[in-house]
Amino acid sequence: MTAPCMVIVAYIVPKLADYSAAALDAAVLQLLAALKEEADHAWSSETAWKAFRDRWIGRKSGQLTQVNDLWLKAAPKDAKREVGRRVNEIRMEVEHAVEKAEGLYLEWKTTTRAPESIESVDITLPGISRPIGAEHPVMRTSREMVAVFQKLGYSVADGPVIETDYYNFEALNFPPNHPARDTQDTLFIAGQQAKPLRERLLLRTHTSPVQIRTMEKMRPPIRIVIPGTVHRNDPPDASHSPMFHQIEGLAVDTNITFGDLKGTLDHAMKEFFGSSVKTSFRPSFFPFTEPSAEMFVSCFICGGSGRRGSDPCRPCKQTGWIEILGCGMVDPNVFEFVKDNGYDPKNISGFAFGMGADRIALLKYGVEDLQLFFQGDVRFLQQFS
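Remember, predicted model here, so these are calculated numbers, not experimental data.

Asks: Tell me what's going on with the overall build of the protein chain, and back it up with residues and numbers.
Replies: In terms of regular secondary structure, the protein chain is built from 11 helices and 12 strands. At 36 Å, the protein chain has a C-alpha radius of gyration far larger than the 21 Å of a compact globule built from 385 residues. On the principal axes, the C-alpha backbone points of the protein chain span a range of 100 × 65 × 40 Å. Looking at the protein chain as a whole, 42% of its 385 residues qualify as buried. In the protein chain, the share of contacts with a sequence separation of at least 24, taken over all contacts with a separation of at least 6, comes to 68%. Summed over its atoms, the accessible surface of the protein chain is roughly 21800 Å², and 53% of this surface lies on carbon and sulfur atoms. Within the protein chain, one finds 44 positive and 48 negative side-chain charges whose respective centroids are separated by 1 Å.

Structural data, given as structure tokens:
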């Protein structure tokens, strides 16, 4: 089958001045003749077939649209019935012609190979090298930290990013109007004002809601580690992002003490940063833990000296210590929300902790601007492949 090649004068739908049966029949015959002529040459290439299709059935300026506007809509009231019948016949013919042209084009395409499309292949040339992707540094850091706690017997838990006020705040000892809510810089979902406060939706500000959800499903003892994304209304800069990654942990059992918390986190930090690091705990406040503490590790960059040669150590601000995470013993008020599932604060105790995976990645890889992790610049990310 050989593709045809000839010049065709484009048909233009005329306006009708006469709507008699004879005039309508003549106009229809002229249109169908033009349709057949164009259809006979519409399968010569993909471009020709698509142009034919768009020209006749295009919604905005196709020939069918023109017929409908110039013939049917403009027809006198007493002639609309006859014009409408002929327009329907034309529509069926056009759709059939377009479908047939497509079939002929596909048949020609599969049975014909143009000489210019034949390419010689040099089989001695090396293959195309495709760059292999690598794990994102923040994801790698999160996975490595989670693996440390998995070795200690912790299970990985997960939960929804869009949370209710109840799980994000109320069940974690953030009662309504508690001042600590303001520090969360929460992003609320629009259109929730009609709902009760505890049912309103928001983007979770920490992964702590997963702790409550897990305690609702599982009876003690539990040991879980919770990696995931969280959101807060922080303008992006070198150390802040409206979306970042957290790793939290929860352990609940009988007779768990603050000593268990210190021992667990000390071991985890030595496993992650190296056996030479030291840990320090300083009092702090979190609504869901009591007592609460901030944990510091000795600077693994300057060795705790506060200086890098003759220059000051910027990561630890010359103090020799780097703040890593917040932690504490689970507040008994939190257990009251899941008391019926075996978490009676008179019989059990637990500890919780939370850290930012992005911050740890900054320290681990010596990156000074957090935004570099999220800008997708391959030149930056390929350093970690």
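Asks: Residue-level account of the packing of aromatic side chains, with values.
Replies: Counted under the stated rule, the structure contains 14 aromatic pairs. Ring centres of Phe272 and Phe273 lie 4.9 Å apart, and the angle between their planes is 85 degrees; on these two criteria the pair is classed as edge-to-face. Using a relative accessible area of 15% as the deciding quantity, one classes Phe272 as buried. Ring geometry for Phe286 and Phe288: centres 6.1 Å apart, planes at 15 degrees, overall stacked. For Phe288, a relative accessible area of 19% puts it in the buried group.

Asks: Describe the packing of helix α5 (residues 137-151) against helix α8 (residues 258-273), naming the residues involved and giving the relevant values.
Replies: One way to put it is that α5 packs onto α8 with a least axis distance of 10 Å and a crossing angle of 130 degrees. Considering the angle they form, α5 stands oblique to α8. The two elements α5 and α8 cross, and the hand of that crossing is right-handed. Note on element contacts: α8 touches α5 through Thr264, Leu265, Ala268, Met269, Glu271 and Phe272, opposite Thr141, Glu144, Met145, Val148, Phe149 and Lys151. Grouping the amino acids of the contact of α5 with α8 by side-chain chemistry returns seven nonpolar, two polar and three charged.

Asks: Explain the sheet that holds strand β11 (residues 321-330) to me, using residue names and the numbers behind them.
Replies: Strand-to-strand pairing in sheets goes through backbone hydrogen bonds, with the strands running parallel or antiparallel. If you walk across this open sheet you meet the seven strands as β1-β5-β6-β12-β11-β8-β7, and the pairing is mixed. Each edge of the open sheet is held by one strand with a lone partner, namely β1 (155-156) and β7 (279-286). The sheet contact formed by β1 and strand β5 (residues 222-231) spans two bridges and is parallel. Bridge pairing in β5 links Ser155 to Ile224. On top of the sheet, α8 reaches β7, β8 (289-298), β11 and β12 (349-356); it is set at about 145 degrees to β11, its chief contact. On the sheet, helix α10 (residues 357-365) packs against β6 (243-253), β11 and β12 and is oriented at approximately 55 degrees with respect to β12.

Asks: So what's going on with the packing of α5 against α10? Which residues, and what values?
Replies: For the pair α5 and α10, the least separation of the axes is 9 Å and the interaxial angle reads 100 degrees. When the axes of α5 and α10 are compared, the pair comes out roughly perpendicular. Of the residues in α10, those in contact with Pro137, Val138, Arg140, Thr141, Ser142, Glu144 and Met145 of α5 are Ala357, Asp358, Ile360, Ala361, Lys364 and Tyr365. A per-class count over the contact of α5 with α10 returns seven nonpolar, two polar and four charged.

Asks: Provide a residue-level description of α5, including the pertinent values.
Replies: Taking 1.5 Å per residue as the helical rise, α5 with its 15 residues ought to reach 21 Å, and the 21 Å between its terminal C-alpha atoms agrees with that figure. Taken together, the buried positions of α5 are Pro137, Val138, Arg140, Thr141, Ser142, Met145, Val146, Val148 and Phe149. The first or second residue beyond α5 is Gly153, which carries a positive phi of 100 degrees.

Asks: Outline helix α2 (residues 46-57), listing residues and values.
Replies: Look at α2: 16 Å from first C-alpha to last across 12 residues, which is about the 16 Å you get at 1.5 Å a residue. Those residues of α2 that sit buried are Trp49, Phe52 and Trp56. Projection of α2 onto a plane perpendicular to its axis shows the buried side chains occupying an angular sector of 60 degrees, all on one side.

Asks: Which residues make up the pairing of β8, and what values go with them?
Replies: Here β8 lies mainly inside the structure; eight of its 10 residues are buried. Bridge analysis of β7 against β8 gives seven bridges, and the strand direction is antiparallel. Residue pairing across strands places Arg282 opposite Glu294, the latter belonging to β8. The hairpin formed by β7 and β8 contains two residues between the paired strands. Here eight bridges tie β8 to β11, and the two strands are oriented antiparallel to one another. Note on β11: the bridge partner recorded for Ser298 is Trp321.

Asks: Please set out the side chain of Asn173 residue by residue, giving values where relevant.
Replies: For Asn173, the location among the structural elements is in the loop between α6 (165-168) and β3 (187-188). Not counting chain neighbours up to four residues away, the residues in contact with Asn173 comprise His178, Pro287, Phe288, Asp331, Asn333 and Val334.

Asks: Outline the environment of Ile324, listing residues and values.
Replies: Positionally, Ile324 belongs in strand β11. Considered as a pair, Ile324 and Ala357 are 33 residues apart in the sequence and their alpha carbons are 9.7 Å apart. Residues within four places of Ile324 in sequence aside, it is in contact with Met269, Phe273, Met295, Phe296, Val297, Met355, Ile360 and Leu363.

Reading the values: rules and limits
Residues numbered from 1 in each chain as written. Predicted model: local features only at pLDDT ≥ 70, side-chain atom pairs only at ≥ 80, totals over all residues. Heavy atoms only, no water. Helix = DSSP H or I, 4+ residues; strand = E, 2+ residues; numbered from the N terminus. Rg over C-alpha atoms; globule rule 2.2 N^0.38 Å. Buried < 20%, exposed > 50% of the residue type's maximum accessible area, 1.4 Å probe, protein only. Contact = heavy atoms within 4.5 Å. Areas by Shrake-Rupley, 256 points an atom, 1.4 Å probe, with all protein chains shown as cover. Lys, Arg positive; Asp, Glu negative; His and termini not counted. Charge placed at Lys NZ, Arg CZ, Asp CG, Glu CD. Phe/Tyr/Trp six-rings, centres within 6.5 Å; stacked < 30°, edge-to-face > 60°. Axes fitted to C-alpha atoms, helices over the stretch in contact; angles between N-to-C directions. Parallel < 35°, antiparallel > 145°, perpendicular 65-115°, else oblique. Left-handed = near helix turned anticlockwise from the far one by under 90°. Nonpolar A, V, L, I, M, F, W, Y, C, P; charged D, E, K, R; others polar. Pairing = 2+ DSSP bridges. Expected span 1.5 Å × (residues − 1). Arc of directions from axis to C-beta.

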